[in-house]
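Coordinate analysis (summary)
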Amino acid sequence: MSTIPPLSPAQLYRSCDPQQFSFTSTAELDDLSEIIGQTRALDAIRFGSDIRREGYNLFVMGPQGTGKHTFVSHFLEEKARQEPVPLDLCYVNNFAQPHMPFALQLPAGTGARLCQSMRQMVEELRVAIPGAFESEEYRAKAEEVQADFTAREEQAMKELGDEAQSRQIALLRSQNGFGFAPLKDGEVIKSDDYDKLPEVEKTHFEARITELQAHLEHILRHDIPAWKRDARDRLKRLNRMTTLAAVEHLVDELRRAYSTIPQIQTYLDSVQQDLIDNVNDFRRQEDGSGTEQVGTDHPQFRRYRVNVLVDHTATRGAPVVFDDNPIFHNLIGRVEHQAQFGNLVTDFNLIKPGSLHRANGGYLLLDVRQVLTQPYAWEGLKRALQSRQIRVESLAQILSLVSTVSLEPEPVPLDVKVVLFGERLFYYLLYAYDPEFAELFKVEADFGDRFERSPESHLLYARLIATVLRKEQMLPLKRTAVARVIEHGARLADDAEKLSAHMQVIADLLREADYWARQAGREAVELEDIQHALDTQEHRASRIKERVQEEILRGTIMIDSEGGRVGQVNGLSVISLGNSAFAQPTRITATTRLGDGELLNIEREVKLSGAIHSKGVLILASFLAERFAKNRPLPLAASLVFEQSYGAVDGDSASAAELCALISSLADEPVRQSLAVTGSINQFGQIQAIGAVNEKIEGYFDICRARGLNGEQGVVIPAANLPHLMLRQEVVQAAAQGKFHVYAVSHVDEVLALLTGKSAAEVNAKVEKRVAELIRLRKALARSLKSTKRGKPKN
């Protein structure tokens, strides 16, 4: 008979005594500014955010819902307030090469002021320049230039005419130009009279006209063009001086306003030169209706704008930026285009910033899953961190998908601390398969999913609850309700000695309890509200669980919970669906017969056995061989199966039950069906811890309670799982009343004693006897086969 006592109610549930708290409700507690139980992660975050060396970016890892993103964001925002405000970032026109705009990094707030100053200057120039060119002074000087040219032209023609006159030749002007004709007595000789002149005289006239024609051609081809060039040059100088007079004082005002910033001084020099070179853009022109064209956004003046990508006028401290959509262009920036007359055009004003621009000089927070799932975002981020500069370019350019000319903005120096958030799996995969990852993210901050449970952590947990309640304007919790939340935190951690750090689940519980308390008209959340919220959560997710239990109770799924059976043991399996998990009993059967020592795992044969389950079966086979056939081969064949299991089976938590089923079959010893068994074994028969122990106990309890508790039912669990027990109150109450039992064991012999009601020695002796019988049968069969072979007639 077994002498193993069932566990006491105190061992099944570690309660939180509300009397340990000095407060009546959480309204009396101060807010908690730090996260609980994450000392290692906090030290890593402080170190990673303080060190200013290349590659020391952070990877914050841990399960979802632990509050890591909220805490890190809050920590960095507090830290950033004490850090200097970074520079503004602007792009301005490169007048020499417009497709390569310049980047200006200016003191905080300067970019917006410069943008406004340039707009105002252009506005003033649109009035000042036309006014200067319409002034009396300018017109007089321009007319003087024109008059000088006209006078020189007329003087040259007069001198030519006088010379011709002195040589009896007339200089004639007509619509077609200039010409020469012979004179006689001061009158032009008519054509008929000219024909009557002697040939000698004609020859003299033609010679003089030829000389004068050459002189005229020299004036028209050389002198007058030279005088025109001189007039144009004089007019250009006049225009330049007029423009300079209108522009210089406005530009000088800006120079004085930004005298301490060399970048702006250089830019203003190029602006002034371009204004002088393109002054005609500012001179008023009339459209077809006779009205003047005016407009601050005229395309001709876009080149004088300042494109402010990042404005830190209102920033206090370093920026902390979280990009929740880190596609390539949202990270690196982009160049947009506008449609004009059926064509796509762009300029430096259409350069848009990315999150790296906005976070430059501060901190950029990213979700690693989102970055990795966006095409080329991860490569773009790495390239920026490695080169330590932000280069705005399109994916089409990078991939050589287009050959059109586009902008090539000047790269911007990058000084940013990147913080990636993600699960541990991403960190380990990137570390293993991306050689650049380890060089760029040298600091890992690992947030745990649970922490130690103690009176001190209970109070901190209560303060954390109070902080969440105040933040979301929920009703305060009475201390009995706080104690129940703490107990639930231990259940979530699957450990009575730990508390869950998964604060998202706790916050959801508080929200639902707040709802039920308000429905009941209470001013504070009571214990009943917390329990009601937990019960409704379970009820919402229990449809599949209830359906499975219904099939068991109807006998569709065959599970015995009383009596004894040979080679049949109730195992326990866990089903996880979404955010809930439940357990159900599973019938495990074993058969044994004469054979050569093979153990048939039927689940494996049909490819429904996972690797860990197959490993567990091989381990129990090794245990059988070590115990019952140490110096001889096992003369048996055995098979194991999970009855009515139609899906994959994995894990080794049923290996203890499988071993007991095999031994029961070998010993022909019935085992109690009122007990379910969970636990894995090693080759020495020791029972090892398993997961989801609470769900497994409760799953079998629900079936037994539905059929009627008789005081015989219970569950056998590994002793190593004792610290993990946080069972539902109805299970604890049934155990206290002696209606349901939980046994903790450390060796398979203890399991056999509980299942058979006999000592392990008795059971083992029956197995030894059966093995010896099988050996005799095998020898007898071998002799029979040998004699049959000898007596067989030869052909």
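Please read these numbers as outputs of a predicted model, since none were measured by experiment.

**Regarding unusual backbone geometry**
Its identity as a non-glycine residue notwithstanding, Arg388 has a phi of 60°, on the positive side. Here Arg388 is to be found in the loop between α12 (377-387) and β14 (389-390). One non-glycine residue, Asp494, adopts positive backbone phi at about 55°. With respect to the helices, strands and loops of the structure, Asp494 is situated in the loop between α17 (479-492) and β19 (498-500).

**Quick notes on empty space enclosed by the protein**
All chains considered together, the criterion is met by two cavities of 30 Å³ or more. What the largest cavity holds in volume is close to 50 Å³. In this structure, the largest cavity is lined by Ile35, Ile36, Gln38, Thr66, Phe451, Tyr461, Leu464, Ala501 and Met503. Tallied by class, the residues present in the lining of the largest cavity amount to seven nonpolar, two polar and no charged. Estimated volume of the second largest cavity: approximately 40 Å³. Lining the second largest cavity, in full, are Val145, Asp148, Phe149, Arg152, Trp227, Asp230, Ala231 and Arg234. If you list the elements that add at least two residues to the lining of the second largest cavity, you get α5 (136-166) and α7 (199-257). In terms of residue class, the lining of the second largest cavity is built from four nonpolar, no polar and four charged.

**Looking at the sheet that holds strand β4 (residues 169-174)**
Sheet architecture is open: three strands sit in the order β4-β5-β6, paired in antiparallel fashion. Edge positions in the sheet fall to β4 and β6 (187-188), since each of these pairs with one other strand and no more. The pairing of β4 with strand β5 (residues 177-184) spans six bridges and is antiparallel. Within β5, the position partnered with Arg173 by the bridge is Phe178. The sheet strands contacting α5 are β4 and β5, and the helix crosses β4 at an angle near 140°. Against the sheet, α7 engages β4 and β5, with an angle of about 155° to β5.

**Some remarks on the pairing of strand β24 (residues 636-642)**
With respect to burial, β24 is a largely interior element, seven of its seven residues being buried. By the alternation rule, side chains of β24 split into Leu636, Ala638, Leu640 and Phe642 and Ala637, Ser639 and Val641, which are all buried. Relative to β24, strand β22 (residues 580-594) runs antiparallel, the two being bridged by seven bridges. Looking at the pairing, Arg593 lines up with Ala637 of β24. Taken together, the three bridges between strand β23 (residues 599-601) and β24 define a ladder with parallel strand orientation. Note on β24: the bridge partner recorded for Asn601 is Leu640.

**Observations regarding the layout of surface pockets**
What the largest pocket holds in volume is close to 1,600 Å³. Lining the largest pocket are 44 residues; nearest its centre among them are His488, Leu492, Asn579, Ser580 and Glu695. For the lining of the largest pocket, the secondary-structure elements that each account for two or more residues are α17, α18 (503-519), α19 (527-540), β21 (568-577), β22, α24 (693-707) and α25 (729-736). Broken down by class, the residue content of the lining of the largest pocket amounts to 14 nonpolar, 13 polar and 17 charged. Volume-wise, the second largest pocket comes out at about 790 Å³. Lining the second largest pocket are 28 residues, and of these Gly67, Thr70, Phe71, Lys471 and Met503 lie nearest its centre. Going through the elements one at a time, α3 (68-81), β16 (417-422), α16 (455-471) and α18 are the ones with two or more residues in the lining of the second largest pocket. Partitioning the lining of the second largest pocket into residue classes produces nine nonpolar, 11 polar and eight charged.

Cut-off values and rules
Every chain is numbered independently, its residues counted from 1 as its sequence is written. Only residues with pLDDT of at least 70 are given local features in this predicted model, and only at 80 or more are side-chain atom pairs given and counted; all residues enter the totals for whole chains, interfaces and linings. Remark: hydrogens and water are excluded; side-chain values derive from all non-hydrogen atoms of the structure. Helix numbers and strand numbers start at the N terminus; a helix is a DSSP run of H or I with at least 4 residues, a strand a run of E with at least 2. Buriedness of a pocket was judged along seven lines, with at least five required to meet protein on both sides within 12 Å; pockets are open sets of points on a 1 Å grid over the protein atoms alone, cavities are sets where a 1.4 Å probe fits but cannot get out, and lining residues have an atom within 4 Å of a point. Grid points are joined across faces, edges and corners, and a volume is the space filled by probe spheres set on the points. All amino acids are sorted into three groups, where Ala, Val, Leu, Ile, Met, Phe, Trp, Tyr, Cys and Pro are nonpolar, Asp, Glu, Lys and Arg are charged, and the leftover types, Gly among them, are polar. Here, any two strands with at least 2 DSSP bridges between them count as paired. Contacts between residues were defined by any pair of non-hydrogen atoms, one from each residue, lying within 4.5 Å. The convention used is that axes are lines fitted to C-alpha atoms, helices contributing only their stretch in contact, and that angles between N-to-C directions extend from 0 to 180 degrees. Partly exposed residues are those whose accessible area sits between 20% and 50% of the maximum for their type, while under 20% is buried and over 50% is exposed, using a 1.4 Å probe and protein chains only.

Any functional reading would require information that these geometric values do not contain.
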